[in-house]
Protein chains: 2
Amino acid sequence: MAFDPDQLDALAAVVHEGSFDAAAQRLHVTPSAVSQRVKALEQQVGRVLVLRTRPCRPTEDGEVLVRLAGQIDVLGRDALGQLVPSPGSSRPVPSAAAMRRLPVAVNDDSMSTWFPEALADLPADVLLDLRREDQDLSADLLRDGTVMAAVTADPRAVQGCRVRRLGAMRYLAVASPERKAQWFGGGLRAEAFAAAPLLAFNREDGLQERFVAAAVGRRSAAPLVHYVPSQGAFVRLIEAGIGWGMVPAAAATDALARGTLVELRAGRHLDVPLYWQHWALRTPTLDDLTDRVVRAAAAALRPVAPHGPAPRRASE
Amino acid sequence: MAFDPDQLDALAAVVHEGSFDAAAQRLHVTPSAVSQRVKALEQQVGRVLVLRTRPCRPTEDGEVLVRLAGQIDVLGRDALGQLVPSPGSSRPVPSAAAMRRLPVAVNDDSMSTWFPEALADLPADVLLDLRREDQDLSADLLRDGTVMAAVTADPRAVQGCRVRRLGAMRYLAVASPERKAQWFGGGLRAEAFAAAPLLAFNREDGLQERFVAAAVGRRSAAPLVHYVPSQGAFVRLIEAGIGWGMVPAAAATDALARGTLVELRAGRHLDVPLYWQHWALRTPTLDDLTDRVVRAAAAALRPVAPHGPAPRRASE
């Protein structure tokens, strides 16, 4: 079954922009044209593809076709880049239409540490479209075609995607020296953790509780939690003494060297495996990106056993 | 009209958690109890308060009562903190229930630069609940009572809130020295901006386009844009040469001193006024927070004329 590319684009635009009006603006057509194209596609496949909610949401069938639209777009741009330039044609000024887009979701701690190194010497005809994973679940973004790949701590393969291990990010439990002495002078005991405020990135961040569970053998009850969803602010507020928290080793190096942060206990840390999830699609753009990400991860992350079990978080 | 606090809490939990089931879990009651409380409240006021969508959304009337629930909660915790301790009572171990919560939305560049300083010596009975403004519009979060205050570039007062100027954040247009020579060797001309890729934080970030418009006198057509929603990655990828972009002066200092970044043209920058929006409610917790934020902003931001017009972004 051949699909009409304009109809696929209309569906993808409605899903990505959230409404038929916004999709029409982006595609430079009328809202009624967008509506007709989506309806025609729905009639062709005999299914509802998008729920007319606010924002518009794809159905499961709609997700399949939105992802298809994104994959066709990537393949087309890759082909365009491989065309032999006609003799005598000058190198054109790059235009947005001829660029290859790289829509990728990245978890926040990777974005703030090693991931930029993977992109440092990107080809000049590629445009980044990075998304922070904490804004949306990367599985949703992969499924509906918003991104072609994701760096995530979630090992579950999304339908239509491949997943590979990248290595583990090491997290250290840190506090200011004064607070460590005040709160943990008697050791990493359950009562100490119950009275010491901790920082969490957001409500989904369970790293601190896992550290406590590993240290005292059980989950703590109703800990005092500050929510600070920014890595820079997270480190600075721990230095200022408002709580303890888990910080990527790479992001704690300077503060540990300065002595403004100390580990709660040296040698006790959490290693969090990270995964590269990407569309199961062979295309030069995606293959090249995978190579860069795997290389940068190998240089920055800790190796994980390739054939062992895949725990979401391993501790020593 | 007196409101039942349990009913208000049930409504607020449904709106904040997104569903009746999740609200029930948080409140440790059955979903049917949550549903009955919300229905009783709707009957009392004679209006629908929450739309049973996924996620559940407050109506305009619902927002008023969710905000009321949050304000009553703050006032109650403040009163608790002011009660005279009974003689002979020992200082109790802090418990989550007795802590004052500070739910505040902060725009990302403030979160990564000056805002943590406002919170460095916070009282020990306060727990932070920071939200990044780019995840949601702070106006929505203020209206529905999710946050009590916000640092935002949006000067429009939200209903039930007061707004005051904090000062202006200065943004510099920067690139790596090599890229500046390559792209802007002939000056800040329209053709140069058309061919030079730029970085934007996300699709709502119009700073770069405003800089171009101020430099060449008109908006540029279809610029080449990388989206990089993380301040650390943003600076590092500009250093790596993938594009130019607008960076808060405070976040560019080190790279400018090292010479890994240079200004496109010294003296040409954008000053973006920031505002403190907060519930129109006198309570010690909120008054103390406002004092801290205003002090930290005065130390870190540039003064803005208090009686002049309030442009969203001023340029020189």
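Refer to the structure above for everything that follows.
Residues numbered from 1 in each chain as written. Chains lettered and ligands numbered in written order. Predicted model: local features only at pLDDT ≥ 70, side-chain atom pairs only at ≥ 80, totals over all residues. Heavy atoms only, no water.

**Student:** Sorry, what's going on with the overall build of chain A here?
**Tutor:** Within chain A, the secondary structure is distributed over 13 helices and 12 strands. A total of 316 residues make up chain A; the buried ones form 49% of that total. Counting only contacts in chain A whose residues sit at least 6 apart along the sequence, the fraction spanning at least 24 positions is 75%. Carbon and sulfur atoms provide 52% of the accessible area of chain A, an area that totals close to 14,700 Å². (Helix = DSSP H or I, 4+ residues; strand = E, 2+ residues; numbered from the N terminus. Buried < 20%, exposed > 50% of the residue type's maximum accessible area, 1.4 Å probe, protein only. Contact = heavy atoms within 4.5 Å. Areas by Shrake-Rupley, 256 points an atom, 1.4 Å probe, with all protein chains shown as cover.)

**Student:** Would you mind showing me how to read the relation of the copies chain B and chain A here?
**Tutor:** Note: a rotation about an axis with an accompanying shift along it relates these two copies of the chain. Between chain B and chain A, the superposition needs a rotation of 180° and an axial shift of 0.0 Å, giving an RMSD of 0.0 Å. Such a turn and shift between the copies fits a two-fold axis. Both copies present the same face, since 100% of the interface residues in chain B are matched by interface residues at the equivalent positions in chain A. (Least-squares fit on C-alpha atoms with pLDDT ≥ 70 in both.)

**Student:** Looking at this structure, I do not really get the nonpolar core. What am I missing?
**Tutor:** Across soluble globular proteins, nonpolar side chains show a tendency to be buried alongside one another. Of all hydrophobic cores here, the largest spans 73 residues; its most connected members are Trp-114 and Trp-244 of chain A. The biggest single contributor to this core is strand β6 (residues 161-175) of chain A, with 6 residues. Counting 72 residues, the second largest nonpolar core, distinct from the first, contains Leu-237 of chain A together with Met-148, Ala-192 and Trp-244 of chain B. (Core = buried A, V, L, I, M, F, W, Y, C linked by side-chain atoms within 4.5 Å.)

**Student:** Explain helix α2 (residues 20-27) of chain A here, please?
**Tutor:** An α-helical turn contains 3.6 residues, so any two residues separated by three or four positions project in the same direction. Residue and element names in this part refer to chain A. Listing the buried residues of α2 in full gives Phe-20, Ala-23 and Ala-24. An end-on view of α2 places all buried positions within 100° of arc, on one side of the element. Of the exposed residues in α2, the ones pointing more than 90 degrees away from its buried face are Asp-21 and Gln-25. Structurally, α2 contributes buried residues whose contacts are with α1 (5-17), α3 (31-45) and β1 (50-51). His-28 occupies a position one or two residues after α2 and carries a positive phi of about 60°. (Arc of directions from axis to C-beta.)

**Student:** Is there a simple way to think about the interface of chain B and chain A in this case?
**Tutor:** Interfaces are often described in size by the accessible area the parts lose on coming together. Listed per partner, the contact involves 41 residues of chain B and 41 residues of chain A. For the pair chain B and chain A, the summed buried surface comes to about 3,300 Å²; carbon and sulfur atoms form 56% of the total. Our count for the contact surface shared by chain B and chain A stands at 4 salt bridges. With a closest N to O distance of 2.7 Å, Asp-129 of chain B and Arg-203 of chain A form a salt bridge. Scanning the region where chain B abuts chain A turns up 18 residue pairs in polar contact (both at pLDDT 80 or more). Secondary structure elements with two or more residues in the side of chain B that touches chain A: α5 (108-111), α6 (115-118), β4 (126-132), α9 (190-195), β8 (225-227) and α11 (231-239) of chain B. In terms of residue count, β4 of chain B provides more of the side of chain B that touches chain A than any other element does, 7 residues in total. (Buried area = accessible area lost by both parts, 1.4 Å probe. Salt bridge = Lys/Arg side-chain N within 4 Å of Asp/Glu carboxyl O. Polar contact = N/O pair within 3.5 Å; in protein donor to acceptor, adjacent residues only side chain to side chain.)

**Student:** How should the pattern of salt bridges be read in this particular structure?
**Tutor:** Any two side chains of opposite charge can pair if their charged atoms end up close together. All names here are of chain A. Taken as a whole and assessed by the stated rule, the structure comprises 32 salt bridges over all chains. Residues Arg-143 and Asp-140 are paired through a salt bridge, measuring 3.0 Å at the closest nitrogen-oxygen approach. Residue Arg-143 and its partner Asp-140 are located together in helix α7 (residues 138-143), separated by 3 residues, close to a single helical turn. Residue classification places Asp-140 among the partly exposed positions, given a relative accessible area of 38%.

**Student:** Looking at this structure, how should I read the packing of helix α1 (residues 5-17) of chain B against helix α3 (residues 31-45) of chain B?
**Tutor:** Any two packed helices are characterised by how steeply their axes cross, that is the angle between the axes, and by the distance between the axes. All names here are of chain B. At their nearest, the axes of α1 and α3 sit 8 Å apart, and the two run at 110° to each other. For the element pair α1 / α3, the angle class is roughly perpendicular. Once α1 is placed against α3, the crossing between them reads as left-handed. Residues Asp-6, Gln-7, Leu-8, Ala-10, Leu-11 and Val-14 of α1 form the contact with α3, whose participating residues are Val-34, Arg-37, Val-38, Ala-40, Leu-41 and Gln-44. Taken together, the residues of the contact of α1 with α3 break down into 8 nonpolar, 2 polar and 2 charged. (Axes fitted to C-alpha atoms, helices over the stretch in contact; angles between N-to-C directions. Parallel < 35°, antiparallel > 145°, perpendicular 65-115°, else oblique. Left-handed = near helix turned anticlockwise from the far one by under 90°. Nonpolar A, V, L, I, M, F, W, Y, C, P; charged D, E, K, R; others polar.)

**Student:** Would you mind showing me how to read the layout of surface pockets here?
**Tutor:** Sizing a probe to match a water molecule and rolling it over the atoms shows the empty space that remains. What the second largest pocket holds in volume is close to 1,200 Å³. Along its surface, the second largest pocket is lined by 32 residues, and Gln-231, Gly-232 and Arg-236 of chain A together with Gly-232 and Arg-236 of chain B are the ones closest to its centre. Going through the elements one at a time, α11 (231-239) and α12 (249-258) of chain A together with α11 and α12 (249-258) of chain B are the ones with two or more residues in the lining of the second largest pocket. A breakdown of the residues in the lining of the second largest pocket according to their chemical character gives 8 nonpolar, 12 polar and 12 charged. (1 Å grid on protein atoms, 1.4 Å probe; cavity = no way out; pocket = protein on both sides within 12 Å on 5 of 7 lines; lining within 4 Å. Points joined across faces, edges and corners; volume = space filled by probe spheres on them.)

**Student:** I'm lost on the packing of aromatic side chains in this one. Help?
**Tutor:** Residue and element names in this part refer to chain A. Applying the stated criterion across every chain, the model contains 10 aromatic pairs over all chains. Aromatic pair Phe-184 and Phe-193: ring centres 5.0 Å apart, planes at 55°, arrangement tilted. Each residue in the set Phe-184, Phe-193, Phe-211 and Trp-244 is aromatic and connected to the rest through ring pairs, giving one cluster. One Lys or Arg, Arg-203, reaches over the ring of Tyr-227 and ends 4.1 Å from the middle of that ring. (Phe/Tyr/Trp six-rings, centres within 6.5 Å; stacked < 30°, edge-to-face > 60°. Lys NZ or Arg CZ within 6 Å of the ring centre and 35° of its normal.)

**Student:** Explanation requested: the side chain of Asp-205 of chain A in the structure shown.
**Tutor:** Looking at the secondary structure, you find Asp-205 of chain A in the loop between β7 (198-200) and α10 (207-216). At 3.1 Å, the side chain of Asp-205 of chain A forms a polar contact with the side chain of Gln-208 of chain A.

**Student:** Looking at this structure, how should I read the pairing of strand β3 (residues 100-106) of chain A?
**Tutor:** Moving residue by residue along a regular strand, the side chains alternate between the two faces of the sheet. Residue and element names in this part refer to chain A. Taken across its 7 residues, β3 has 6 buried, putting it largely inside the fold. Looking at chain direction, β3 and strand β4 (residues 126-132) are connected through 7 bridges and run parallel. Residue pairing in the sheet places Arg-100 in a bridge with Val-126 of β4. (Pairing = 2+ DSSP bridges.)

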